[in-house]
Amino acid sequence: MTRICVSVCETNVAALESAAVRASECADIVELRLDCLHDLRGVQQVLDRLSCPVILTLRPTEEGGHRELDHEARASFWKTAPHTDWWDIESDLIPETDWSHVIISHHDFAGVPQDLTRIYEQLAATPARMVKIAVQAHDIVDCIPVFQLLDRARSEGREVIVIAMGNAGVATRILGPSRGAFLTYAALNEGSTTAPGQITAQKLRSVYHVDKIDRDTMICGLVGQPVMHSVSPHMHNAAFRAAGVNGVYLPLEVRDVKTFFTRLVDPSTRELDWNLRGLSVTAPHKSTVLEYLDWIEPEAKQIGAVNTIVVDGDELRGFNTDAAGFIEPLLEVMGPLSGLRVAVIGAGGAARAAVWALLKHEAAVTLFARNTEKARALGQEFDVSYESLSSASFSNYDLVINATPLGSGELIDQSPATAEQLTGVRCVYDLVYNPIETLFLKEACKANCKTLRGLEMLVAQAKNQFQLWTGESASLNVMYDAAAAALDH
């Protein structure tokens, strides 16, 4: 069964009680992190309010706790600690208690230790009912030993909690229960995480449908660095549910593409037994992945970038749905593109797909970029003009497209062009989708330009990905509403 444990950490008993009661409404188990409390008196009154199972934890700073606690102070606490369903005790303590409700735990916030197997065996040799190991993941491949430990414990009949922390470890939090983990930890809300990479209980259930995942679940995911900002999991998981597909879509933070493909993707070499079916590819890996594929569709070869991978038996097949996803909403707004004067700002993977699609529709394209060397290389490859963005004026263009990250993330307060530069332009198209209304689009409105948002492209290309992975049509409305709701949130 899937158990979600919401961990709460507050500085005073009243706040802890309030958070714990709210957590009990959405969790199967509540963990009280007592190391956050300034005064441990009054914990019993919190326990008296809860009818669900409870884990008590008093974590020292070296194990991720929130205040200094020496060995003697922790040992003294556990001698007189209130009775609960579970006590989570670090492996340096030998509790004088009934071990049948002890979770013996080990945490490593630096990475995955080389002797992880030895650590597990030492913990498993204690009389503790449960073994817990949490390690820090820096790349999705760091999750492999976590999943392998889960498989081993399951075969040995040992109850365990094994988790990879950090954004790169999110997959272990979502897939862990289906692979034998006793529980998965979650936060009560976005601002109350108690460990790196923790996501909310609400998101685990409503976005990832963690209760429905089993070993047969088809797995798809987003490959990139970073990926946690993406709303693709919201779109694809909503589409899976609407179509009745037993699938889950995960954020997969990948730094080393070669190692990722060798150890987790390629059916002939991968080290994890999972039902991997498809991948979305985002920055900075859209061109890098080409060399690891067995087959690439001609259009993706011409573009020089793959954003969709299908695992078809023993073969890895690459596609580019960005170009079609880019052009479909544009045709609806602008009609035929033949002869239109189009300025594309950018020289990366998104710009490549846009230029290729525009040329296919016989538009006249000019590239603008901050990095003129990249613009020159892309311009020469596609035989289009290129100019520096620094002093650009777009008054002679029908359509201006932003294919840069300007306006999103850390660059949210930047725009590739001002209203003055955009005066006279018929339509402005921003491929950035988060936020929905970017500064670039606001500048376009000031210049009385028609606008087209990146969310339309995102949904259009995702719909095509879904069909490649499942052979079924996805609901555009379901995907759009899920993405828009995530962005609004």
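Rules used throughout
Residues numbered from 1 in each chain as written. Predicted model: local features only at pLDDT ≥ 70, side-chain atom pairs only at ≥ 80, totals over all residues. Heavy atoms only, no water. Helix = DSSP H or I, 4+ residues; strand = E, 2+ residues; numbered from the N terminus. Rg over C-alpha atoms; globule rule 2.2 N^0.38 Å. Buried < 20%, exposed > 50% of the residue type's maximum accessible area, 1.4 Å probe, protein only. Contact = heavy atoms within 4.5 Å. Pairing = 2+ DSSP bridges. Axes fitted to C-alpha atoms, helices over the stretch in contact; angles between N-to-C directions. Arc of directions from axis to C-beta. Polar contact = N/O pair within 3.5 Å; in protein donor to acceptor, adjacent residues only side chain to side chain. Right-handed = clockwise from strand over helix to strand, strands pointing away. Core = buried A, V, L, I, M, F, W, Y, C linked by side-chain atoms within 4.5 Å. Phe/Tyr/Trp six-rings, centres within 6.5 Å; stacked < 30°, edge-to-face > 60°. Lys NZ or Arg CZ within 6 Å of the ring centre and 35° of its normal. 1 Å grid on protein atoms, 1.4 Å probe; cavity = no way out; pocket = protein on both sides within 12 Å on 5 of 7 lines; lining within 4 Å. Points joined across faces, edges and corners; volume = space filled by probe spheres on them. Nonpolar A, V, L, I, M, F, W, Y, C, P; charged D, E, K, R; others polar.

In terms of regular secondary structure, the protein is built from 17 helices and 20 strands. Taken over the C-alpha trace, the protein has a radius of gyration of 26 Å; the compact-globule value for 489 residues is 23 Å, and the two agree within 12%. Overall, the C-alpha framework of the protein stretches about 80 × 50 × 40 Å when taken along its three principal axes. Put simply, the protein has 489 residues, and 57% of those count as buried. Counted over contacts in the protein with a minimum sequence separation of 6, partners at least 24 positions apart contribute 66%.

Moving on, we come to the sheet that holds strand 3 (residues 54-57). Working definition: the strands of a sheet are paired by backbone hydrogen bonds and lie parallel or antiparallel to each other. The 8 strands are arranged 7-6-5-4-3-2-1-8 in an open sheet whose pairing can be described as parallel. Strand pairing shows two members of the sheet lacking a second neighbour, strand 7 (160-165) and strand 8 (184-186), which therefore form its edges. On average, adjacent strands in this sheet sit at an angle of 25° to one another, irrespective of strand direction. Examined bridge by bridge, strand 5 (residues 102-108) and strand 6 (residues 130-136) share 6 bridges and lie parallel to one another. When the sheet's bridge partners are listed, histidine 106 is paired in strand 6 with isoleucine 133. Each of strand 3 and strand 4 (86-90) touches helix 3 (residues 71-79); the most contacted strand, strand 4, lies at about 160° to it.

Our focus in this paragraph is helix 13 (residues 372-382). Within helix 13, the full set of buried residues consists of Ala375, Leu378, Gly379 and Phe382. The buried residues of helix 13 all sit within an arc of 100° when viewed along its axis, so they share a single face. The outward face of helix 13, more than 90 degrees from its buried face, is lined by the exposed residues Glu373 and Gln380. Of the surrounding secondary structure, the elements contacted by the buried residues of helix 13 are helix 10 (298-303), helix 12 (349-360), strand 16 (364-369) and strand 17 (385-388). For helix 13, the capping residue at the N-terminal end is asparagine 371, with a side-chain oxygen 3.1 Å from the backbone nitrogen of glutamate 373. Taken from the residues just after helix 13, aspartate 383 is the one with a positive phi, measuring 60°.

Of all the 6 residues making up strand 16, 5 are buried; the element is thus mostly covered by neighbouring parts of the structure. The sheet contact formed by strand 15 (residues 341-345) and strand 16 spans 5 bridges and is parallel. Residue pairing for strand 16: arginine 341 is matched across the bridge by alanine 364. What joins strand 15 to strand 16 is helix 12, and the crossover it makes is right-handed. The parallel pair strand 16 and strand 17 is bridged by helix 13, and the resulting crossover is right-handed.

Turning to the nonpolar core, a few remarks are in order. Residues Leu32, Ile133 and Phe260 are the most contacted members of the largest nonpolar core, which totals 92 residues. Those residues within four positions of isoleucine 133 in sequence are excluded, and the remaining contacts are His106, Leu116, Ile119, Tyr120, Leu123, Leu149, Ile161, Val162 and Ile163. In terms of nonpolar packing, the next biggest core, distinct from the first, is built from 35 residues, Ala323, Leu337, Val355 and Leu431 among them.

So, on to the packing of aromatic side chains. For the structure shown, the criterion picks out 12 aromatic pairs. Where phenylalanine 326 meets tyrosine 429, the ring centres are 5.2 Å apart and the plane angle is 5°; that geometry is what we call stacked. Residue phenylalanine 326 is located in helix 11 (residues 322-334), and its partner tyrosine 429 is located in strand 19 (residues 427-430); the two are separated by 103 residues in the primary sequence. Like phenylalanine 326, the residue tyrosine 429 is buried in the burial classification. Taken together, a centroid distance of 5.8 Å and an interplanar angle of 85° make the contact between phenylalanine 368 and tyrosine 397 edge-to-face. Residue phenylalanine 368 is found in strand 16, and its partner tyrosine 397 is found in the loop between strand 17 and strand 18 (399-402); the two are separated by 29 residues along the sequence. Like tyrosine 397, phenylalanine 368 is buried. Clustering of aromatic rings is evident, with ring pairs tying together Phe77, Trp78 and Trp87. The cationic tip of arginine 317 hangs over the ring face of tryptophan 295; the distance from NZ or CZ to the ring centre is 4.0 Å.

So, about the layout of surface pockets. In this model, the largest pocket occupies a volume close to 1300 Å³. Forming the walls of the largest pocket are 46 residues, and the residues nearest its centre are Thr282, Ala283, Lys286, Ala350 and Pro405. Ranked by residues supplied to the lining of the largest pocket, first place goes to helix 16 (residues 454-470) with 5 residues. Tallied by class, residues from the lining of the largest pocket come to 18 nonpolar, 22 polar and 6 charged.

Read across the sheet, 6 strands follow the order 17-16-15-18-19-20 without closing on themselves; strand pairing throughout is parallel. Either end of the sheet is taken by a strand with one partner, and the two such strands are strand 17 and strand 20 (450-452). When the angles between neighbouring strand axes are averaged without regard to direction, this sheet yields 20°. Where strand 18 lies against strand 19, 4 bridges are found, and the strand directions are parallel. The residue of strand 19 that forms the bridge with asparagine 402 is aspartate 430.

As a further point, take empty space enclosed by the protein. Empty space among the atoms can be located by rolling a probe the size of a water molecule over them. This structure, assessed with the given rule, holds 2 cavities of 30 Å³ or more. Lining of the largest cavity is provided by 17 residues; of these, Arg33, Arg59, His107, Lys132 and Ala195 occupy positions nearest its centre. Elements that contribute at least two residues to the lining of the largest cavity include exactly strand 2 (29-33), strand 6 and strand 7. One number sums up the size of the second largest cavity: a volume of about 40 Å³. In this structure, the second largest cavity is lined by Ile140, Cys143, Ile144, Phe147, Leu264, Leu272 and Trp274. Its residues assigned to classes, the lining of the second largest cavity comprises 7 nonpolar, no polar and no charged.

Before going further, it helps to spend a moment on the environment of alanine 153. Mapping alanine 153 onto the fold places it in helix 5 (residues 144-156). Given a relative accessible area of 0%, alanine 153 falls into the buried group. Measuring from C-alpha to C-alpha, the distance between alanine 153 and tryptophan 356 comes to 51 Å, with 203 residues separating the pair along the chain. Every residue in contact with alanine 153, bar those within four places of it in the chain, is listed here: Tyr120, Arg158 and Val160.

Remember, this is a structural readout, not a statement about activity or role.
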